Amino acid sequence: MDPQTLAIQSAYFVASVLFILGLRDLTHPDTARRGTNLAAVGMLIAVVGTLAHQDIVSWWLILGGLVLGTAIGVPMGLKIPMTMMPERIALSHCFGGLAVALVGVAEFVRHDGQLDAMHMSATGFEVFFGAVTFTGSLMAFGKLNGSLPGKPTTFPMQNVITGLAGIACVAMTMYLIVNPGNVVVFYGLFALSLLLGVLIVLPIGGADMPVVICLLNSYAGLAACASGFALSNPVLIVTGSLDGGSGFILAMVMSKAMNRSFTNVLFGAFGSDAAAGTSAVGGASNAAVNAATVEEAVDLFKYADSVIVVPGYGMAVAQAQHAVRELGAMLEKRGTRVRFAIHPVAGRMPGHMNVLLAEANVPYDSLFDLDAINDDFSSTDVVLVVGANDVVNPAAKTSPGSPIYGMPVFNCDEAKAVICLKRSMNPGFAGIENDLFVHPKTMMVFGDAKKTIQEMVGALREGGH
Amino acid sequence: MNYLLILASGPPPVPLPTSAMNDDVLFYFYIFALALFAGYVVISKVPALLHTPLMAFTNAIAGISLVASIVMAGGDYGPTANWLGFVAVTCATINVVGGFLITDRMLKMFRKKGGEQ
C-alpha cells in the first residue's frame with residue numbers, strides 16, 4: 001500500500017470509529033452533543049483524507065460543489081423551524097439518495113459499462129436504492145408540506161403495477177450482472193427505479209408517514225452501503241450499514257407501535273388497508289358529544305392533582321407546543337403533577353413530539369414513553385389530549401373490526417376525566433371514528449389548540465384558587 | 001459465479017474476477033456484517049426521546065457519500081462523470097453541513113428539569 005492510499009484508508013478508518021462512538025453517545029441526552037461533535041470531526045477527517053486521492057486532477061467542480069452545498073446546507077440547518085422537521089428529514093433523504101444514485105451513474109459512465117460482475121451488481125443496487133430513495137423522499141416531502149395531496153392516492157391495480165415495477169428492477173439488475181455493458185438496460189433501471197419511488201409513496205397517507213420516513217432512511221443507507229461495495233470503500237459500507245440499520249430499527253419500532261406486520265412495513269403496502277376500513281367502524285358520530293367551554297375545562301384543571309398531556313400531530317399543526325408548556329408550568333406552580341405521554345407514532349416522524357416539546361423548553365424528564373406511563377392513567381385526574389387521535393382511540397383495544405385494532409394506545413378512558421382539544425368533529429386522517437371523543441368522561445373543547453390553551457392559561461391566571 | 005456465467009449467452013464481456021477479487025468481496029462483507037451488528041447494538045439503545053435527532057444524525061453521517069462524490073467530480077473520468085460528481089458533491093455537502101447543524105440545534109434544546117442540559 002503506497003503512503004497516499006494508507007493515509008486515505010487511515011482517515012476512513014478513524015472516521016468509521018468516530019461515527020460509531022458518536023452514535024453510542026446519542027443514547028443519552030447528556031452526552032448526545034458530544035457524539036455529534038465526534039461524528040463531525042470524523043466526517044472532516046474523511047473528507048480531508050479524500051482530497052489526497054491520486055485520481056483527483058481538477059479542483060473546480062469539487063470546490064464549486066462544496067461551496068454551493070454549504071451555502072444551501074447552513075440555512076437549512078439553522079433556519080428551518082422545528083415544526084418542519086419531518087419535511088426537512090424527507091428532503092435530506094432525497095439529497096442523500098440523489099447523491100448516491102449519481103455517483104453510481106458516474107461510475108458506470110466512466111467505465112463505459114465495463115464493470116465486473118461484483119461491481120456491476122453493487123452499482124446496480126446503488127442506483128436502484130438511490131433512485132427509489134430520491135423520488136420516494138421527494139413524494140414524502142410533497143405530502144408533508146402540503147404541495148401534494150396528503151390523502152392516499154390510489155388507482156386500479158396499484159399493488160400489481162408497483163409489484164411488477166419492483167420485480168422488473170430486480171430483473172434488470174440481474175441482467176446487468178450478466179451483461180454489464182448494456183447501456184439501455186442500465187438507464188432503464190435508473191428510470192424505472194425513479195418511477196418505483198413515486199409508486200411506493202403514492203398510496204401512503206399522512207398517519208403512515210413515520211414508517212415511510214424510516215423506510216426511506218433505511219433505503220438511503222442501503223444505497224450508500226451498495227456504493228461502498230461498488231467503489232471498494234469501507235467507510236461507505238460502515239456508514240451505510242449504520243444509516244440503513246438505524247432506519248430499519250426505527251421502522252420496526254414504528255410498525256410495532258402501529259401493530260403492522262413486518263412484511264407490511266417492508267413492502268410498503270400500507271395506507272390502502274386503513275382506507276378500506278373507513279366504513280368498518282361507525283356509530284360513534286351518532287353518540288352525543290359533550291362540547292365544553294374553556295371555563296368548564298379549567299375548572300377540572302383547578303381541582304386536579306395529576307395531569308397527563310397527550311400531544312399529537314394536531315399540536316404540531318397548531319404550533320401549540322409553547323402554549324402547552326405554559327399551561328404545564330402554570331399547573332405545576334399550583335402543585336399539580338404534570339407529565340407528557342408520547343406515543344411512538346404521534347406526529348409525522350419518530351420523536352417528532354419530543355423535539356417540539358423540547359423546543360418549547362419542556363424538560364425531557366417530564367416526557368414519558370407509552371410503556372412507561374400507560375399504567376398510570378387509571379390514577380390520573382385529568383388527561384389533556386392535544387391534537388392526537390388514533391393513539392388515544394379505544395377502538396384499538398375493543399373493536400376487532402377497526403383498522404387500528406391491536407395497536408397499542410394510551411388508556412385515556414381509564415383516567416377520571418379527559419379533555420380533548422380538536423378543531424371539529426371531523427374524523428382524523430385515517431378516517432376512523434374515535435369513541436373517546438363521545439365517551440361520557442370526555443369533554444370536547446373545539447377550536448384552534450393554541451388559542452384554546454392560551455385561553456386556559458389566562459383563565460387559570462385570573463381564577464387563582 | 002460460475003452459475004451466472006453459464007447463464008450468460010456468449011463470451012463474458014468482462015475479465016473474470018480473480019481469486020484476489022473474491023477475497024476482497026468477502027472482506028467487505030465482513031465489514032458490512034460487523035457494522036450492522038455494531039449499529040444494531042448501539043442504535044437499539046437510543047431512547048425514543050432522541051429518535052428525531054437520531055434520524056438527523058444518521059442523515060448527516062450518510063453524507064459520507066461526499067468522499068465518493070469528490071473523487072467523481074475531480075477525477076480524470078470525463079466531463080459527464082465530473083458533472084454528475086459535482087451535483088453529488090453539492091447534495092452530499094448539504095446533508096453533511098445541514099445535518100450536523102440541525103442535529104446539534106435539536107440536542108441543545110433537550111434539558112432536564114430546572115437545570116442546564
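Note that the structure is a prediction, hence the values are computed from the model and not measured.

Conventions adopted
- Residues numbered from 1 in each chain as written.
- Chains lettered and ligands numbered in written order.
- Predicted model: local features only at pLDDT ≥ 70, side-chain atom pairs only at ≥ 80, totals over all residues.
- Helix = DSSP H or I, 4+ residues; strand = E, 2+ residues; numbered from the N terminus.
- Contact = placed C-beta atoms within 7 Å.
- Rg over C-alpha atoms; globule rule 2.2 N^0.38 Å.
- Buried ≥ 20, exposed ≤ 12 C-beta atoms within 10 Å, placed from the backbone.
- Domains from an automatic or database assignment.
- Nonpolar A, V, L, I, M, F, W, Y, C, P; charged D, E, K, R; others polar.
- pLDDT = per-residue confidence, 0-100.
- Expected span 1.5 Å × (residues − 1).
- Core = buried A, V, L, I, M, F, W, Y, C linked by C-beta atoms within 7 Å.
- Pairing = 2+ DSSP bridges.
- Axes fitted to C-alpha atoms, helices over the stretch in contact; angles between N-to-C directions.
- Parallel < 35°, antiparallel > 145°, perpendicular 65-115°, else oblique.
- Left-handed = near helix turned anticlockwise from the far one by under 90°.

From N to C terminus, chain B includes 5 helices and 0 strands. Mapped in sequence order, the helices and strands of chain B form the string α-α-α-α-α. For chain B, the share of sequence-separated contacts (at least 6 apart) that also reach a separation of at least 24 residues comes to 56%.

Turning our eyes to something else, we now look at the overall build of chain A. Regarding its fold elements, chain A presents 18 helices and 6 strands. A compact globule built from 465 residues would reach a C-alpha radius of gyration of about 23 Å, and chain A, at 25 Å, matches this within 12%. With respect to the three principal axes, the spread of C-alpha positions in chain A is 80 × 50 × 35 Å. For chain A, buried positions account for 55% of its 465 residues.

The backbone of Q319 of chain A shows a phi angle near 55 degrees, a positive value even though the residue is not glycine. The residue Q319 of chain A is located in the loop between α13 (313-318) and α14 (321-333) in this model.

Attention now goes to the domain arrangement of chain A. Residues and elements named next belong to chain A. Partitioning chain A into structural domains gives domain 1 (1-77), domain 2 (86-276) and domain 3 (287-463). Counting only elements with at least two residues in the side of domain 2 that touches domain 3, the list comes to α4 (85-110), α8 (209-230), α9 (234-257) and α11 (272-276). Of the residues contributing to the side of domain 2 that touches domain 3, the split by class is 14 nonpolar, 3 polar and 1 charged.

Here we come to the confidence of the model for chain B. All names here are of chain B. Averaged over every residue, the pLDDT of chain B is 83; the share at 70 or more is 77%. Low pLDDT (under 50) marks residues 1-20, which in the prediction has 20 contacts with non-local residues, meaning those over four places away or in another chain. Interface confidence for the predicted complex, given as ipTM, is 0.89, next to a pTM of 0.88.

Moving on, we get to α14 of chain A. Here α14 of chain A is 13 residues long and its end C-alpha atoms lie 18 Å apart, about the 18 Å a rise of 1.5 Å per residue gives. Backbone geometry just downstream of α14 of chain A places G335 of chain A in the positive-phi region, at approximately 95 degrees.

Before going further, it helps to examine the nonpolar core. Side chains that are nonpolar tend, in soluble globular proteins, to be buried together. Ranked by size, the top nonpolar core spans 196 residues in total, and within it V310, V385 and V386 of chain A carry the most contacts. Considering each element in turn, this core owes the most residues, 17 residues, to helix α5 (residues 79-109) of chain B. In contact with V385 of chain A, other than residues within four places in its own chain, are V310, V392, C412, V418, I419, C420 and L421 of chain A.

As a further point, take the interface of chain B and chain A. It is common to report an interface's size as the accessible area lost on association of the parts. Residue-level contacts link 88 residues of chain B with 103 residues of chain A. Sorting the residues of the side of chain B that touches chain A by element identifies α1 (2-7), α2 (19-43), α3 (51-62), α4 (65-74) and α5 of chain B as the ones contributing at least two each. If one sorts the elements of the side of chain B that touches chain A by residue count, α5 of chain B sits on top with 29 residues. The class makeup of the residues in the side of chain B that touches chain A is 58 nonpolar, 21 polar and 9 charged.

Our next topic: the sheet that holds strand β1 (residues 306-311) of chain A. Residue and element names in this part refer to chain A. Taken together, 6 strands build an open sheet; the order of strands is β3-β2-β1-β4-β5-β6 and the sheet is parallel. Both outer strands of the open sheet, β3 (367-369) and β6 (442-446), are each paired with one neighbouring strand and no more. For this sheet, the mean angle separating the axes of adjacent strands, direction not counted, is 25 degrees. As paired elements, β1 and strand β4 (residues 382-386) share 5 bridges and run parallel to each other. If you follow P311 over to β4, its bridge partner there is V386. Those strands touched by helix α12 (residues 294-302) are β1, β4, β5 (417-422) and β6, and its axis lies near 135 degrees from that of β6. Packing of helix α15 (residues 352-359) onto the sheet brings it into contact with β1, β2 (337-342) and β3, and relative to β2 it is tilted by some 145 degrees.

The terminal C-alpha atoms of α3 of chain B, which comprises 12 residues, lie 16 Å apart, in line with the 16 Å expected from a rise of 1.5 Å per residue. Among the residues of α3 of chain B, H51, T52, P53, L54, M55, A56, F57, T58, N59, A60, I61 and A62 of chain B are the ones counted as buried.

To continue, consider the confidence of the model for chain A. Residues and elements named next belong to chain A. In this model, chain A carries a mean pLDDT of 88, and residues with pLDDT of at least 70 account for 92%. Taken element by element, the predicted model of chain A shows its lowest mean pLDDT in α11 (43) and its highest in helix α2 (residues 32-50) (96). Within the model, the stretch residues 269-285 combines pLDDT values under 50 with 38 contacts to residues more than four positions away or in other chains.

Looking now at the environment of T70 of chain A. By the secondary structure assignment, T70 of chain A is in helix α3 (residues 60-79). Aside from chain neighbours lying at most four places away, what touches T70 of chain A is T93 and V97 of chain B.

Residues and elements named next belong to chain A. Burial analysis of β5 places 5 of its 6 residues in the buried class, which makes it a mostly covered element. Direction of pairing for β4 relative to β5: parallel, over a ladder of 5 bridges. The partner of V383 across the bridge, within β5, is V418. Pairing analysis gives 5 bridges linking β5 to β6, with the strands arranged parallel. For K422, the partnering residue across the bridge sits in β6 and is F446.

With that settled, consider the environment of F446 of chain A. Tracing the sequence through the fold places F446 of chain A in strand β6. In contact with F446 of chain A, other than residues within four places in its own chain, are A291, K422, R423 and S424 of chain A.

Two numbers describe a pair of packed helices, the interaxial angle and the distance between the axes. All names here are of chain A. At a minimum axis distance of 10 Å, the contact between α4 and α8 shows a crossing angle of 25 degrees. Taken together, the axes of α4 and α8 lie roughly parallel to each other. Of the two elements, α4 crosses α8, and the hand of that crossing is left-handed. On α8, the residues that touch P86, I89, A90, H93, G96, G97, V100, V103, G104 and E107 of α4 are M209, I213, L216, N217, A220, A223, A224, S227 and A230.

Before going further, it helps to spend a moment on the environment of M109 of chain B. With respect to the helices and strands, the residue M109 of chain B is situated in helix α5. We classify M109 of chain B as buried; it has 20 C-beta atoms within 10 Å. It is 27 Å that separates the C-alpha atoms of M109 of chain B and C91 of chain B, two residues lying 18 residues apart in sequence. In this structure M109 of chain B touches A358 and E359 of chain A, once residues within four positions along its chain are discounted.

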